[in-house]
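Below are the chains, spelled out letter by letter.
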Amino acid sequence: MFLSVFEIFKVGIGPSSSHTMGPMTAAEAYLALLAERVATDPPPDSWLRIHVSLHGSLAFTGRGHATDRAIVFGLLGHRAGDIDIDKAETDVAILRQSRHLPPLGGIALAFDPHHHIFFDYGPPLPGHPNGMEFHATDAEGVGYLSQIYYSIGGGFIVTAEELAGGGAGAGDEAGTHVPFPFENAASMLRMADESGNSIAQMMLANERALRSDAEVDAGLAALWAAMDGCIDRGLARHGELPGGLRVKRRASALFEQLCDEQGSNTAQPHVYADWLTVYAMAVNEENAGGGKVVTAPTNGAAGVIPAVVRYYLDHCIDAERVRVGEFLLTAAAIGGLIKSNASISGADAGCQAEVGSAAAMAAAGLCAVLDGTPAQVENAAEIALEHHLGMTCDPVAGLVQVPCIERNGIGATKAVTAASLALRGDGTHFMPLDNCIQAMRETGREMSAKFKETSLGGLAVNMPEC
């Protein structure tokens, strides 16, 4: 199965791809499903009431991740990729007064966000820890249309039926015939060797089976522009992040310190790590504030890849901006392998699946643009992922702030270290990437649910008394 770079990387809003973007997309999908039913079999009284129940991790940390807000945005017809936040908030204010969504095919839709979104703290739905149920009932309270969706990481969603049928939440592009349909790292390396292509060149050939060169180039440029812009916004903003923890934005102050040190001969050799960290923190502070970010491969891990790309451009010798697309294509290849063969969802496998995956992708991308061979690229990804195995997802108060913001900076530094180490070798190494991905999957399966984005264990329950 081929996952496009434009499926792995998606522009959206914070603070979470699983808890914000996924539920918003699910609400939009349910609205479309409801419209189809109304068109062919309208309810007898031209009136319906909408209910939504959130289960598992979506219930336990949904308020901190603004899941309820995302559901409302989606039911109001807003899309994560191009949402106008000011317009969306205005629409929500109107909804709270009217308690009705816009009519659908002449059918009135009653919906009170305060009473009709239910956080179910019981057992999760059977398919995935991030489950949600949408219901419509008629004037007599009789069920009219119900649908279960699962938010499986990175903004991807599947219905209960799709999941039961083996669906992985990919778009229609997943089934498209492509010239290099590698399903694991071993086949990726074999195809690279047989064709003489780099991993990025194989990904580009696959993308060209779906869209024109101009569309690919424009899409990659837009992705980097969104990532780069997010770094710049984060570096310029001050103040506290929302949510009640009173966490202060720190990226701007750190950036000012680093700029002041340049050329002063006072910086320590390890200052490179500070630059990586400040770029990553800038992105994740924007994400925590509900700003515009790019899933990379998730919102919770959105800072790692932009930080390493910016580090490459601003600090690496002979860096070329034209190679950013090569970086993103290579990173997407690794992200697709991890998603297809394990998980990129913190609720499913802990933060090893989010920051760990992002670090593996970033290490691969950096290794590629520093002229690493496909074997060295695979080695870099394996090193980065290997040293995130077992990492829990334990956000304090269900907010994507502590430890998530700093964790992205550390993930970025691990990515650079992994790429550098791989480039010092010839690509041969003991542990194949495929085995490491399998180890991550098995670790996630064995990990207690309280350490997988429920905020019931770890740092989430070991914090200072306020």
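As the structure is a computational prediction, the values presented were derived from the model and not from experiment.

Q: Would you mind showing me how to read the overall build of the protein chain here?
A: Helices and strands together make up the secondary structure of the protein chain, namely 18 helices and 9 strands. The C-alpha atoms of the protein chain give 22 Å as radius of gyration, which agrees with the globular expectation for 466 residues (23 Å, within 12%). Projected onto its principal axes, the C-alpha coordinates of the protein chain cover approximately 70 × 55 × 45 Å. Here the protein chain holds 466 residues, and 56% of them are scored as buried. In the protein chain, of all internal contacts separated by at least 6 residues, the share reaching a separation of at least 24 is 75%. When the accessible area of the protein chain is evaluated, it comes to approximately 18900 Å², of which 52% is carbon and sulfur surface. A gap of 5 Å separates the mean positions of the 30 positive and 54 negative side-chain charges of the protein chain.

Q: When you look at a nonpolar patch on the surface in this model, what are you seeing that I'm missing?
A: On the surface, Phe60, Tyr121 and Leu456 cluster together into a nonpolar patch covering about 290 Å² of accessible area. Tracing the backbone through its elements, the reader meets Phe60 in helix α3 (residues 57–60).

Q: What is the right way to look at the environment of Thr428 in this model?
A: Note that Thr428 resides in the loop between α17 (404–423) and α18 (433–446). Separated by 421 residues in sequence, Thr428 and Glu7 have C-alpha atoms that sit 30 Å apart. A polar contact of 2.6 Å, which involves the side chain of Thr428, links it to the side chain of Asp426.

Q: Which parts of the structure should I look at to understand the pairing of strand β2 (residues 47–56)?
A: Strand residues, when the strand is regular, have side chains that alternate between the two faces of the sheet. The buried fraction of β2 is high, at 7 of 10 residues. Two elements, β2 and strand β6 (residues 130–137), share 8 bridges in a ladder whose sense is antiparallel. Residue pairing for β6: Val52 is matched across the bridge by Phe134.

Q: Help me out: how do you make sense of the pattern of salt bridges in this one?
A: One side chain can pair with another of opposite charge once the charged atoms of both are near each other. Going through the model one piece at a time under the given rule, you end up with 19 salt bridges. Across the pair Asp41 and Arg37 runs a salt bridge, and its minimum N-O distance is 3.1 Å. The exposure class assigned to Asp41 is partly exposed, which follows from its relative accessible area of 37%. The partly exposed category is assigned to Arg37, whose relative accessible area is 26%. Note that Arg63 is salt-bridged to Asp68, the shortest N-O span being 3.8 Å.

Q: Please clarify how helix α16 (residues 374–386) should be interpreted in this entry.
A: The terminal C-alpha atoms of α16, which comprises 13 residues, lie 18 Å apart, in line with the 18 Å expected from a rise of 1.5 Å per residue. Judged by how many residues are buried, α16 sits mostly within the fold: 10 of 13 residues are covered. Buried within α16 are the following residues: Gln376, Val377, Glu378, Asn379, Ala380, Ala381, Glu382, Ile383, Ala384 and Leu385. Its buried side turned inward, α16 meets α7 (185–195), α8 (199–208), α13 (324–341), α15 (355–369), α17 and α18.

Q: Which parts of the structure should I look at to understand the packing of aromatic side chains?
A: The description of an aromatic ring pair uses the distance of the two centres, along with the angle that the planes make with each other. Counted under the stated rule, the structure contains 6 aromatic pairs. When the ring of Phe255 is compared with that of Trp275, the centres are 6.1 Å apart and the planes differ by 85°; the resulting orientation is edge-to-face. Taken as a pair, Phe255 in helix α10 (residues 251–261) and Trp275 in helix α11 (residues 271–288) lie far apart in primary sequence, 20 residues in all. Aromatic pair Tyr272 and Tyr311: ring centres 6.2 Å apart, planes at 55°, arrangement tilted. Residue Tyr272 is located in helix α11, and its partner Tyr311 is located in helix α12 (residues 304–315); the two are separated by 39 residues in the primary sequence. By relative accessible area, which is 30% here, Tyr272 ends up partly exposed. Among the aromatic residues, those joined into a ring-pair cluster are Tyr30, Phe134 and Tyr149. The ring centre of Tyr144 lies 4.1 Å from the NZ or CZ of Arg37, which sits over that ring. Positioned above the aromatic ring of Phe156, the side-chain terminus of Lys339 is 4.4 Å from the ring centre.

Q: Got a minute to help me understand the nonpolar core in this structure?
A: It is characteristic of soluble globular proteins that their nonpolar side chains tend to be buried jointly. Formed by 105 residues in total, the largest nonpolar core has its most connected members in Phe9, Phe182, Met188, Ile305, Val308, Leu328 and Ile334. Ranked by residues supplied to this core, first place goes to α15 with 12 residues. Setting aside residues no more than four positions away along its own chain, Phe9 makes contact with Leu223, Met227, Val294, Thr295, Ala296, Ile305, Leu328, Ala331, Ala332 and Met361. Among the nonpolar cores identified, the runner-up in size contains 40 residues, and Ile83, Leu104, Leu109 and Ile117 belong to it.

Q: I keep staring at α13 and nothing clicks. Help me out?
A: Since the α-helix advances by 3.6 residues per turn, residues separated by three or four positions end up pointing in the same direction. Along its 18 residues, α13 runs 26 Å from first to last C-alpha, staying within 8% of the 26 Å computed at 1.5 Å per residue. Among the 18 residues that make up α13, 15 are buried, leaving the element largely enclosed by the rest of the structure.

About the criteria used
- Residues numbered from 1 in each chain as written.
- Predicted model: local features only at pLDDT ≥ 70, side-chain atom pairs only at ≥ 80, totals over all residues.
- Heavy atoms only, no water.
- Helix = DSSP H or I, 4+ residues; strand = E, 2+ residues; numbered from the N terminus.
- Rg over C-alpha atoms; globule rule 2.2 N^0.38 Å.
- Buried < 20%, exposed > 50% of the residue type's maximum accessible area, 1.4 Å probe, protein only.
- Contact = heavy atoms within 4.5 Å.
- Areas by Shrake-Rupley, 256 points an atom, 1.4 Å probe, with all protein chains shown as cover.
- Lys, Arg positive; Asp, Glu negative; His and termini not counted.
- Charge placed at Lys NZ, Arg CZ, Asp CG, Glu CD.
- Patch = residues over 30% accessible without salt bridge, like charges linked within 9 Å, V, L, I, M, F, W, Y side chains within 5 Å.
- Salt bridge = Lys/Arg side-chain N within 4 Å of Asp/Glu carboxyl O.
- Polar contact = N/O pair within 3.5 Å; in protein donor to acceptor, adjacent residues only side chain to side chain.
- Pairing = 2+ DSSP bridges.
- Expected span 1.5 Å × (residues − 1).
- Phe/Tyr/Trp six-rings, centres within 6.5 Å; stacked < 30°, edge-to-face > 60°.
- Lys NZ or Arg CZ within 6 Å of the ring centre and 35° of its normal.
- Core = buried A, V, L, I, M, F, W, Y, C linked by side-chain atoms within 4.5 Å.

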